[in-house]
Amino acid sequence: MKILVTGGTGYIGSHTCVQLIDKGWQPVILDSLVNSKVSVIDRIESITGHRPPFIQGDVRDADLLGKLLLEHGIEAVIHFAGLKAVGESVAQPLRYYDNNVHGSVVLMQVMQQCGVKTMVFSSSATVYGHSSAPPWNEQVPTSPANPYGRSKLMVDHIMADVAAADATCAMTSLRYFNPVGAHPSGQMGEDPQGVPNNLMPYLSQVAVGRREALQIYGKDYNTPDGTGVRDYIHVNDLAKGHVAALAYSHERPGHHVFNLGSGIGHSVLDMLHAFGKACGRDLPYNFAPRRSGDLDAYWADPQHALNTLGWQVEKTIDDMCQDTWRWQSQNPNGYP
Ligand code: NAD
Ligand code: WQD
């Protein structure tokens, strides 16, 4: 199967391309490089022995998309391309809605024109409301707290409407919890620009000496050790979830929603200690005030993905930290 992977040089997209190639499928990558580097393609080739076609361009460019779908004989799309910084989305909402929502609408329009019926989309656990006790299944009421989360939920709704209007379309939203980790080869991983917003990339930059100490946001949450609890999922498990979701949905029209998580919550201190074990030293940290908008604790109920896709996570937080450390120590400044 030939698959267009938008955002395929990004963190999750690149790991998914490796899994698609392993499965014998052929990814074709479209990425604007707004948040990734083209050298990722070399790494995909080095790991798999196969160099996927790469087109630099924007998902909002309908002419380019149309040509691409037809010239490459694309049969399905995995749509990762989007902006993902929550704080930035609060400051620049129109940029987020234009990129994430308008970009997805253009993509679905062109898919319709070209007769491409299958799409798997990067949604997020951030679409769920904040009032439900964990674990969160797919029926938890949605009520995202920021423009980024709302942009994801809007696309989920649009996909459901498209699938309802055309009974031959298969539209699948995957709601990721907290993706972390790196390819076990150490050749691919997360490479944020500037100061990382998220826990794992920040921790790994402390470990490699690029940052002084981790600031732990809050020590009085209603959790066993007082620090925030999340469901961390290894990016390779997440990538395999895309392969499973695509294999399933390509045969089954409709709108499908799956949570992709481990079903287990870990605290910030759990992650700090696991990372210390992986890199062989205790990492410096300070307690800082809570970060605005953060919740105490949530994790996935991943039963629907297990029962329907036969997918579940295989990797532990020790695997996540060891693989992140291998990537970060071999590539202290990220991709060239
Ligand atoms: P990433 O920034 O590494 O990858 C996204 C890629 O999309 C980048 O390579 C970027 O250059 C590209 N891109 C952005 N806008 C584009 C456009 N208009 N046209 C073409 N390319 C464009 O992010 P990621 O962590 O790999 O996330 C992938 C997707 O998963 C995103 O949609 C994100 O919102 C979603 N998601 C991420 C997380 C997470 O914690 N990483 C969690 C839930 C959902
Ligand atoms: C995890 C825990 C922090 C950094 C974000 C997005 C969400 C989704 C996944 C895309 C929390 C604590 C963090 C630091 C810390 N992305 N922390 N010091 O906030 O759960 O989710 O990524 O869809 O939309 O909001 O992830 O990694 O930022 O935080 O103490 O320097 O680590 O308070 O408890 P989060 P995170």
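Refer to the structure above for everything that follows.
Small disclaimer: the values here were computed from a predicted structure and weren't measured.

Here is what the cut-offs are and how they apply
- Residues numbered from 1 in each chain as written.
- Chains lettered and ligands numbered in written order.
- Predicted model: local features only at pLDDT ≥ 70, side-chain atom pairs only at ≥ 80, totals over all residues.
- Heavy atoms only, no water.
- Helix = DSSP H or I, 4+ residues; strand = E, 2+ residues; numbered from the N terminus.
- Pairing = 2+ DSSP bridges.
- Axes fitted to C-alpha atoms, helices over the stretch in contact; angles between N-to-C directions.
- Contact = heavy atoms within 4.5 Å.
- Phe/Tyr/Trp six-rings, centres within 6.5 Å; stacked < 30°, edge-to-face > 60°.
- Buried < 20%, exposed > 50% of the residue type's maximum accessible area, 1.4 Å probe, protein only.
- Lys NZ or Arg CZ within 6 Å of the ring centre and 35° of its normal.

(A) Structural view of the environment of V140. Tracing the backbone shows V140 in the loop between β5 (118-124) and α6 (147-165). Expressed as a C-alpha distance, the spacing of V140 and H130, which sit ten residues apart in the sequence, is 9.4 Å.

(B) Summary view of the sheet that holds strand β2 (residues 26-31). If you trace the seven strands from one edge of the open sheet to the other, you get β3-β2-β1-β4-β5-β6-β11, paired in parallel fashion. Every other strand in the sheet has two partners, leaving β3 (54-56) and β11 (254-260) as the edge strands with one partner each. The sheet shows a mean angle of 20° between the axes of neighbouring strands, taken without regard to direction. One ladder, built from seven bridges, connects β5 with strand β6 (residues 170-176); its direction is parallel. Each residue of the ladder has a partner; that of F121, found in β6, is S173. Against the sheet, helix α5 (residues 93-114) engages β1 (2-6), β4 (76-79), β5 and β6, with an angle of about 170° to β5.

(C) Structural detail: the packing of aromatic side chains. Under the defined criterion, the tally for this structure stands at seven aromatic pairs. Seen from their ring centres, Y128 and W136 are 5.8 Å apart, and the 75° between their planes marks the pair as edge-to-face. Look at W136 and you get buried, because its relative accessible area is 1%. Their ring planes at 80° and their centres at 6.3 Å tell us that F275 and W325 sit as a pair that is edge-to-face. Of the two residues, F275 is situated in helix α9 (residues 268-279) and W325 in helix α11 (residues 317-330); the sequence distance between them amounts to 50 residues. Note on accessibility: F275 and W325 belong to one class, buried. Here the aromatic residues Y128, W136, F177 and Y298 are joined through ring pairs into a cluster of three or more. The positively charged end of R290 is found above the aromatic ring belonging to Y221, 4.0 Å away from the centroid.

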